[in-house]
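# A structural walkthrough
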Protein chains: 2
Amino acid sequence: MPAKEYLMIPGPTPVPPQVSAAMSRPIGGHRTDEFARIHQGIVEKLKTVFQTQNDIFVLTHSGTGGMETAVANTVNPGDKVLALVTGNFGERFAKIARAYGALVDEVDFGWGKDVDLAVVEEKLKANPDYKAVLATQNETSTGVTNDIAGIGALVAKTPALLLVDGISGVGGIEIKTDAWGVDVLITASQKAMMLPPGLAMVAVSKKAWEAVEKCRSPRFYFSLPAAKKAVEKWNTAYTPGVSLFYGLEAALELMMAEGMDNVYARHGLLARAVRAAVRALGLTLLPEERCASNTVTAIHGPDGVGADELRKVLKNRYGVVFAGGQGILKGKIFRIAHMGYAGKTDVLVAVGALEMALAELGYPAELGRGMKAAQEVFLGGSD
Amino acid sequence: MPAKEYLMIPGPTPVPPQVSAAMSRPIGGHRTDEFARIHQGIVEKLKTVFQTQNDIFVLTHSGTGGMETAVANTVNPGDKVLALVTGNFGERFAKIARAYGALVDEVDFGWGKDVDLAVVEEKLKANPDYKAVLATQNETSTGVTNDIAGIGALVAKTPALLLVDGISGVGGIEIKTDAWGVDVLITASQKAMMLPPGLAMVAVSKKAWEAVEKCRSPRFYFSLPAAKKAVEKWNTAYTPGVSLFYGLEAALELMMAEGMDNVYARHGLLARAVRAAVRALGLTLLPEERCASNTVTAIHGPDGVGADELRKVLKNRYGVVFAGGQGILKGKIFRIAHMGYAGKTDVLVAVGALEMALAELGYPAELGRGMKAAQEVFLGGSD
């Protein structure tokens, strides 16, 4: 029998059995009263998750399509856009804006660092003509969470729109869309939302709608006006991913039953336990603790042991799948996801297997030492 | 107990249990050897379905996103495009081209009619500067199959590209992509491919690639060059709908086991049986028999009985769900799908329930008469 697999990459993430069961239901039509009821229920619950009264659209494509939806509906060729880059996905957001002809002012804060608000303030002051600011709530590639509240407070004073990629954060890390002034919030199904990939969710503010209506960029499948017109009757502009909607309904019911405060507390607890274990094993986090993500932990490859070599042993010997580094961090870090359908026992598996793999590779880490640190966090003894 | 539901709309269509089971598998990572193997196997089998050696991409969005992929990668603002319209989805293709700034020469052959090749020949002769010709293999809204072989032979003699929406045809009605000169073929998961919605499949010819490389339209999620670069390593440019890929692998295995000739013969047989039953009941098909689709049959509402009233009785009393008319045909026709996971017993259910609903609504159709006509087709006795 092959090793039982534990998928601990930052998306796709494990799907709860309740969600799998919902997705296995015989498929129904999408232009029916039943589907409209499911659609409406989903959007109402998403308003709780997003903390917003803005319009929310559930769109059938993955998260990158959601980022493109945000750009294609608000940015015209020649518009000035500020891109706050802290890693691979911040870069992707900037690339999308460039594909639409924007003049992108890209500020790279460094991979592993978070956005420096003083720089944002200065940039906004020097450039009152930014059409939009592109930010990443949780940079999946580096395990860094940015201060969206702080960025939002600065952008709100300007005419610029704040477009936020919340793909690997929303549902695991709190975001207050309305209170923080997020004009377009994007998330996707396959991260903390506990579904397979294939859906993006996009919230659009009144301030954003003014830009959407004036936007001249070509768009059809990504058209927010088309989505809005359809949703007035709880319809979708194009054929929706019906089975994923069934799953999303089930996933949101799980989240509502747990309570969003508890969901966020659980993600925080798991992240603290993983970080404590990593430190106890003498390993180094990529980001500072201050801005370390609650959904994914990025760790430098141990001295003398390649990060990818470590991942290979973990996967082949224990069925435990961590993610590697992306872009300039390829081969240099490994990442442990604890997002969505994740609990304390997952951390025990991750840390226990990590300790064994390190031992096999000759890294001098005492067996059980990381485990003890994680357990102490769970028992409230430390950290 | 509520009536057992029989979904007979032209997408989404019923999902075979083998496909549901595959989609319920615990989710895995998408940047793994296992996923690459699945991806490669899917593309190889799709080459058999599409009858092509062209590049094929499996993209995470619904069919309309596939149509937009075709346009966004080949059409520049100001390009002249010929749109061959035979219904709602032909109109949609023209709208997408217009959204990208094309000068669209739209020829409407009438809803319920097929494309007239003489008109196409004349148009191509008079306009040697068409960049692309947009055609619909199977017009879902009218149950008409167009002669793609004939259109392809005409377009192949010109520099124009032939972009074909095969969404409700491919996998149920034969298409010879290479032999017929189809430059971009689009299909989607939720029709004859027997999956839930959420994937589009796009085949791209060498002739099309030349245009793709020169294309200036903005695109990121829909970028074919990005898709091509990724697929060189059996990767995807953005997170794929992993569970739908598992399902697609299973669906293609079912199709390969049946054999594509048998798949097409089955669709033809079911369609002939439905048409025979409809005629025997004194109802009228929307299209001529000559161009009637093998995946969906469009029927005029019976005299004195509204098409939508009939559909309501069928759904509420028998759990049998037919589709209504779209656009200018709304309320005037009903459509019975027999595509994908459909067999003889489905036709028995459709025809038997139709007869009972007609009787309840006072339409003078002899019970069992349509059934007998269908049975005779199955037994090879007539038609």
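What you see is a predicted model; the values in this text were computed from it and never measured.

Turning to the interface of chain B and chain A, a few remarks are in order. Each partner contributes residues to the interface: chain B has 44 residues there, and chain A has 44 residues. Every element with two or more residues in the side of chain B that touches chain A is listed here: α1 (17-23), α3 (63-72), α4 (88-99) and α9 (242-258) of chain B. At four residues, α3(B) tops the list of elements feeding residues into the side of chain B that touches chain A.

A few words now on the packing of helix α5 (residues 117-126) of chain B against helix α6 (residues 148-155) of chain B. All names here are of chain B. One can describe the packing of α5 onto α6 by two numbers: an axis separation of 10 Å at closest approach and a directional angle of 15°. On the basis of the axis angle, α5 is roughly parallel to α6. For the pair α5 and α6, the sense of crossing is right-handed. Contacts from Leu 117, Val 120, Glu 121 and Leu 124 in α5 reach Gly 150, Ile 151, Leu 154 and Val 155 in α6. When grouped by side-chain class, the residues that make up the contact of α5 with α6 number six nonpolar, one polar and one charged.

With an RMSD of 0.0 Å, the operation that places chain B on chain A is a rotation of 180° combined with a shift of 0.0 Å along the axis. Classification of the inter-copy transformation places it as that of a two-fold axis. Closest approach to the rotation axis within chain B is made by the C-alpha atom of B:His61, at a distance of 2.3 Å.

Inside soluble globular proteins, nonpolar side chains tend to come together where they are buried. With 262 residues, the main nonpolar core has A:Ala97, A:Leu134, A:Val184, B:Ala97, B:Leu134, B:Val184 and B:Ala277 as its most contacted residues. Discounting residues that sit within four places of it in the chain, B:Val184 has contacts with B:Ala70, B:Thr74, B:Leu161, B:Leu163, B:Val164, B:Val202, B:Ala203, B:Val204 and B:Ala208.

Further remarks concern the domain arrangement of chain A. All names here are of chain A. Entries for chain A in the domain assignment read domain 1 (17-257) and domain 2 (259-378). Here the C-alpha centroids of domain 1 and domain 2 sit 28 Å apart. With 24 residues of domain 1 at the contact, the number on the domain 2 side is 22 residues. Of the residues assigned to the side of domain 1 that touches domain 2, the class counts are eight nonpolar, 13 polar and three charged.

What follows deals with the environment of B:Gly166. All names here are of chain B. Summarising the element assignment, Gly 166 is placed in the loop between β8 (161-165) and β9 (184-188). Exposure remark for Gly 166: the 30 C-beta atoms within 10 Å place this residue in the buried category. With 63 residues separating them in the primary sequence, Gly 166 and Leu 103 have C-alpha atoms 23 Å apart. The residues touching Gly 166, leaving out its near neighbours within four places in the chain, are Gln 137, Ile 175, Leu 185, Ile 186 and Thr 187.

Moving on, we come to the sheet that holds strand β13 (residues 333-337) of chain B. All names here are of chain B. In space, the four strands of this open sheet follow the order β1-β12-β13-β11, with mixed pairing throughout. Each of the sheet's edge strands pairs with one partner strand only, and the pair in question is β1 (6-8) and β11 (296-300). Between one strand and the next, the sheet's axes are offset by a mean angle of 30°, whatever the strand orientation. Bridge count between strand β12 (residues 320-324) and β13: two bridges; the pairing is antiparallel. Note that in β13 the partner of Gly 324 across the bridge is Phe 334. Its contacts with the sheet place helix α11 (residues 307-318) against β12 and β13, and it is angled at close to 160° to β12.

Cut-offs applied
Residue positions are counted from 1 within each chain, in the order its sequence is given. For naming, the first written chain is A and the first written ligand is 1, with later ones following in the order written. Local features are withheld for residues below a pLDDT of 70 in this predicted model, meaning they are given only at 70 or higher, and side-chain atom pairs are given and counted only at 80 or more; totals for whole chains, interfaces and linings count all residues. Here, residue contact means that the backbone-derived C-beta atoms of the two residues sit within 7 Å. Each helix is a run of H or I in the DSSP string that is no shorter than four residues. Each strand is a run of E no shorter than two, and both are numbered from the N terminus. All axes here are fitted lines through C-alpha atoms, helices being fitted over the stretch that makes contact, and every angle between N-to-C directions spans 0 to 180 degrees. Roughly parallel means an angle under 35 degrees; roughly antiparallel, over 145; roughly perpendicular, 65 to 115; everything else is oblique. The handedness criterion is simple: a crossing whose near helix is rotated anticlockwise from the far helix by less than a right angle is left-handed, and one whose near helix is rotated clockwise is right-handed. Only Asp, Glu, Lys and Arg are considered charged in this grouping, and only Ala, Val, Leu, Ile, Met, Phe, Trp, Tyr, Cys and Pro are considered nonpolar; every other residue, Gly among them, is considered polar. Least squares is used to superpose the copies, and the fit set is the C-alpha atoms of residues whose pLDDT is at least 70 in both copies. Nonpolar core, as used here: buried Ala, Val, Leu, Ile, Met, Phe, Trp, Tyr and Cys residues forming one set through C-beta atoms within 7 Å. Residue burial is a threshold on neighbouring C-beta atoms within 10 Å of the residue's own C-beta, all placed from the backbone, with 20 or more meaning buried, 12 or fewer meaning exposed, and counts in between meaning partly exposed. These domain limits were set by an automatic method or by a database of domain assignments. Whether two strands pair depends on DSSP finding at least two bridges between them.

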